[in-house]
Structures are given as structure tokens and as C-alpha cells.
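Survey of secondary and tertiary structure
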Amino acid sequence: MAPKKILDLKYNEMWKAWNNTYEEDDDNSLPLFKRDLVLSWKQLNVTVVRKIPKLIGRSEVETKQILNNVSGNVECGTLLGIMGPSGSGKTTLMATISHRTKGNFDGELLLNGRSVSEDVMIKISGFVAQEDISFVQLTVLEQLKFMARLKMDRFTSNQLINDRINYLAAHLGLNKFINSRLCFLSGGERKKVALAVQLINDPPILFCDEITTGLDSYSAAHIVNTLRKVAHSGKIVVCTIHQPASGLFDQFQEVILLTNGRLAYQGSVSLVDKFFEKYGYICPATYNKADFIISVLNSDGVLDRNNVNKMCELSSNVGQMDIRFNSFNKDVQSEYGHHLQAEKLSWIIQVMLLLYMSITCFIRNYKENLLDFGTLIFLGVICAIPYANLQFGTKAVQNWQGFWLCLVINTVFQFCYSAIATHQIKFSVVHREVSNKVYSLSAYYVSEIIILYVWVFVKTVLFCIIVFWIVGVNWVYMQLLIFIIISLASVSYGSLLSACFSSVDEAIVFSTVCEYLALPLSGAYLSFKSLPKVFYSLRYLSLFFLGCETVSTLFWERITSLPCTDVANCLDNGKAVLNKYGFISSNLYFDITILLTFCLLGSIFGYMGVLRRMNKQPAY
């Protein structure tokens, strides 16, 4: 009789993770290291002020304290978990000690016993956010290579970059989907990629916000096992954890317990049971220890609240905090400048990399781009069909002028509204990466403007050629150039609105009001000569007027004579037509200059608008 086959759990990665048995198959898994980094925070207080608008009267101000007198330490070689009920301040503490928060905080944040600035902390650490956001049209391999070039030293060879990517892919289990686009990955797979991105430049400090949330038990154990190896290699690893699976909690070496923004405990995970036993809490043998701790900290019972308050008072004792701080920092006073020696890429190389990334994403997003182009052509055809095969003559003057007006209006509206969501789509990704000093905002902005303007150029040329052919316009290259400039000015205007408003709806409402004011100044609805001089000058703020005057001037200036059938109301040449509609042919190049100024100022103020929005807190 054949022997029964038994599953040997010793070869299961989860078994290895939960039982602290690590494979020594890589030469960098558990090296000896010098304890040269200690991160400390003393008496942190974080308060958020929110304004509640009222229909009448002043806005009501609401103040909420998220962290209250929280202190702690963590040294290199340690995997520290931050745990507590929902709303206890875990993510706020993580964002504060990592200097990823834009809000002010009271207290001290120290590295090796000395105050650490935001720039230094961002350079020396990686941050895996709870919600992963990235350019989803890239593949995993492209994302890793792209981030490696931006985050690693500028002199790092391609071979070293590839070796680092291969190492992370093997140890994080990325090889199965290394060539898949990020938009096709599951939530757990994207978290692994986000972790790999932060580990790509081998930072000495790593922060992970709820890295195991949404993962199955196997994947969660695999991730924590990897983080523990990272910590054992001599790094500081800090994670927030939310309801970890049974056994996973014990893989952390130290834990911080928070409740209502207060510190209840920091210390070894192995001593948590004894700490709670002092207050009469004993976790049942078959119960998840982490769930048991959360249930105590989150309890509404009077006795439980009193006990938790005693825990917080004990942990917040100033004398005890100073003793713990001194014990961590007395032996670590070494410099950490060697961790900051990596040189970033030059600005022009950043632009080239971001431009390549933008082109790749643009090409792969072909369905939306084809829809945008198809909509433009469709509306152009609809606009041109009523004017098909127009003839020259006095009776046709209104038709010709109506065609140019409709074409200019369609161009301004279409290109403006197609660009009005430009910065909303990618802003959350760029906001986080620029805040983390991955690349400069100006490099990203320039690369996006290049892509946007090239696409506008291609669309405008094809759009005009098709429409001119339907109507029978005997066009010259100057007319085509004018429409390209009008399109660029319209896109710049739409891009400016996108940069200055945080939502597309707000931008559209503002744009609608402005365009309703600008449209009557186009020259077709009002006689400029009848307007006061103040309003007469406002026509140069209207893209509709600038477009109509330049296009009409180019078209009618070449018409030296028109067949005249009505002697009493005769427009016998192009100049007479221009005079009737209030257009001045000598202003042609002045109008072109203003349109180009629209393009330039729209881009400059658009950059300033994005820069202003960068002062807010990124999404973490």
C-alpha cells in the first residue's frame, strides 16, 4: 500500500514567516550592520482646524486634536508596528514622523538626537501610502525602471538598476505580472509594486501605511516577512497595521498602541500580554491577540476606559519618556550624511524621462484620444456641411462670415473644454511624487505642455484640412497657422482653469460665465463702433474676437472685388466686408501677438496655479 502524501508546511512561505525561519539564500538577507540611526519624536501634538461654511454669517471653525502628547523611538534593525482602532491617529502619526504632512505640529522630531528637516527626512526615507496612485498605463517593469532612474543616484549604471529590479521582483513576487500594466493589477499586486518602488533606492528608513490591508493571509505574511528582512538588514521600518491576521502581529518586533490620539503603549510585542495582564486583561488562547487588544482600546465600558486612560497616563509620563529617549540616543550620535549623498538627475534629463513616460501613457490611452479626435472632427463636419461649396458674391458674404464665426467658436470651445481636466487627472500622482522630491514640478509641467501642444497641432491641422475641403476654402498656410495659434491659446486657457480649480465642475462653471461675456464681443453680435471706449477695448480679452478678426482679415484681404447685385447695399470688395463687421486689417499681427501672449501667459499662470495647489497636503 502506497504511503499517504502529507503536505509539508515547512516549505510554505507563510509558515516560514509566522515561525521566524528565514532562508539564507541571498547574500544580503541578514548582514551585520552598525546601529547608526535612531528616529525619535517627543510630545507630538497635531491639531486640525476645519471651517464649516454658513449661508449667512461667518464660517464656523471646528478644531480637532488628532495626536495628543505622543512620544516614541525606533532604531535601525527594528520592524515597528503602529496599531489602534479606526480614527486613533495611526496614519497621522506616520505622516508626522515621516515629515509627509503639510500641517504644523507641536513637538520635536529628531534623528540621532538632533532635529531633522523635511528635506532631509524625505531624502532619507521611503513612504508606501495606504492608497496607491500611479501612472496606470505603465507596466510594472516600466514603472520600476522609471522610478529607479529618478530615485537612484544619477551615476548608477543600467546594469545595477536591472540587478536591483530583479532582486526586488524575486523577493516580492513580482515576476508573474512584471510585464502587466498597473491598471490591470489587483489591489494586493499594486501594493507589492508600491513597496518595490519605495525600496528601489534602498532607503535607510521605510514607512508603510496599512501595507497588509486588503491582502489575503498568505500575501500579508509574505509582505511582513519581506519587511522584517529589510529591517534586519539595518534599516528602520515603521508600519501602521489594521486588524492583522492571527500570528501576523507577532512578526513585529515592537508595537505602538494608540487610542483617541493618545499613546497607550510602546515596547516589545512579546511584552504586550504582560502589560495588559497588569490591568486584568488576559487574551484567550484561541483568540486573535491583535483583535483582543483593539477590543480593549475601543471599549466603551467605564472600567475599560479608566484602565485605558491609566495606560495612556503611564506612557505619557514625561520622566519615563526622557529615560526611554536617552537610552536610545546615548550611544548613537554619528553623522548620517552618507545616506544623503545620492545625486538627482539634471532637470533636462528629468524632462526627457517624464516626456517619454507621458508619450507612452498617451499612446496606450488611445481609446480616449481617438474619441477626443473623433468628436472634434464630427463637430467640424456638422459645422461645415451647411456651408458646403460656398460661392463668392454679395449675397454670400453673410454665409462666409457666419462660417468663419462658427468655426472659430467651435475651435475655442472644443479645445478649451478638452483641456479643462488636464491637471485633475494626474494631479494626485504628481502631487505626491513632487512632494517626495522624486522629480521637480517644472520638469513634469514642461513635459506635459509639450505633449499637449503637439497633440493640439496634429488635431488642428487635420481638422482644418477636412473642414476647408468641405466648404471649398481656397486656403493658404497662414490661415492654417492662425487656427493652430487659436487652438493653442484655447488649450492654454483650458489648462489654466484646470490648474487653478481643484474640480472640473468648478472650472466649467467659471469658464461658462467668462465665455458668455466674451462671445458677444466676437464681432458678429455687436457693432463695436456703438460701444463706449472702455468696452471697446475689452474685445482684446475675447478669444472669439481675436480669432474672428485674424481669420476674417486673412480671408477678405485677398478679395479685391465681389459681384454686386444690390447697388444700395453693396459690398464690392473684401475691405468693405471687414469695415462692415468692425474688423481692422492693420491689426492682424497685433492680434496674433495677443493670441501668442495668451498661450504664454496661460502656461505660466497655469504652472503657478499647480504650484499653489502643491502647498496642500498630498494624498497619503
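As the structure is a computational prediction, the values presented were derived from the model and not from experiment. (Residues numbered from 1 in each chain as written. Predicted model: local features only at pLDDT ≥ 70, side-chain atom pairs only at ≥ 80, totals over all residues. Heavy atoms only, no water.)

Turning next to the side chain of Ser 315. Summarising the element assignment, Ser 315 is placed in helix α10 (residues 302-315). A polar contact is formed between the side chain of Ser 315 and the backbone oxygen of Ala 264, at a distance of 2.7 Å. (Helix = DSSP H or I, 4+ residues; strand = E, 2+ residues; numbered from the N terminus. Polar contact = N/O pair within 3.5 Å; in protein donor to acceptor, adjacent residues only side chain to side chain.)

In the contact formed by helix α14 (residues 397-418) and helix α16 (residues 441-471), the axes pass within 13 Å of each other and the chain directions differ by 155°. On the basis of their axis angle, the class for α14 and α16 is roughly antiparallel. When you trace α14 past α16, the crossing you get is right-handed. Here Trp 400, Phe 403, Trp 404, Leu 407, Asn 410, Thr 411, Phe 415 and Ser 418 of α14 come into contact with α16, specifically with Val 456, Lys 459, Thr 460, Phe 463, Val 467, Phe 468 and Val 471. The residue inventory of the contact of α14 with α16, partitioned by class, reads 10 nonpolar, 4 polar and 1 charged. (Axes fitted to C-alpha atoms, helices over the stretch in contact; angles between N-to-C directions. Parallel < 35°, antiparallel > 145°, perpendicular 65-115°, else oblique. Left-handed = near helix turned anticlockwise from the far one by under 90°. Contact = heavy atoms within 4.5 Å. Nonpolar A, V, L, I, M, F, W, Y, C, P; charged D, E, K, R; others polar.)

Our focus in this paragraph is unusual backbone geometry. Of note, Asn 69 is a non-glycine position whose phi angle comes to about 55°, a positive value. Mapping Asn 69 onto the fold places it in strand β2 (residues 60-75). Even without a glycine there, the phi angle at Asp 202 is positive, about 55°. Here Asp 202 lies in the loop between α6 (187-199) and β7 (205-209).

Let us now look at helix α22 (residues 588-613). Along its 26 residues, α22 runs 37 Å from first to last C-alpha, staying within 8% of the 38 Å computed at 1.5 Å per residue. The inward-facing, buried residues of α22 contact α15 (422-435), α16, α17 (477-500) and α20 (543-556). (Expected span 1.5 Å × (residues − 1).)

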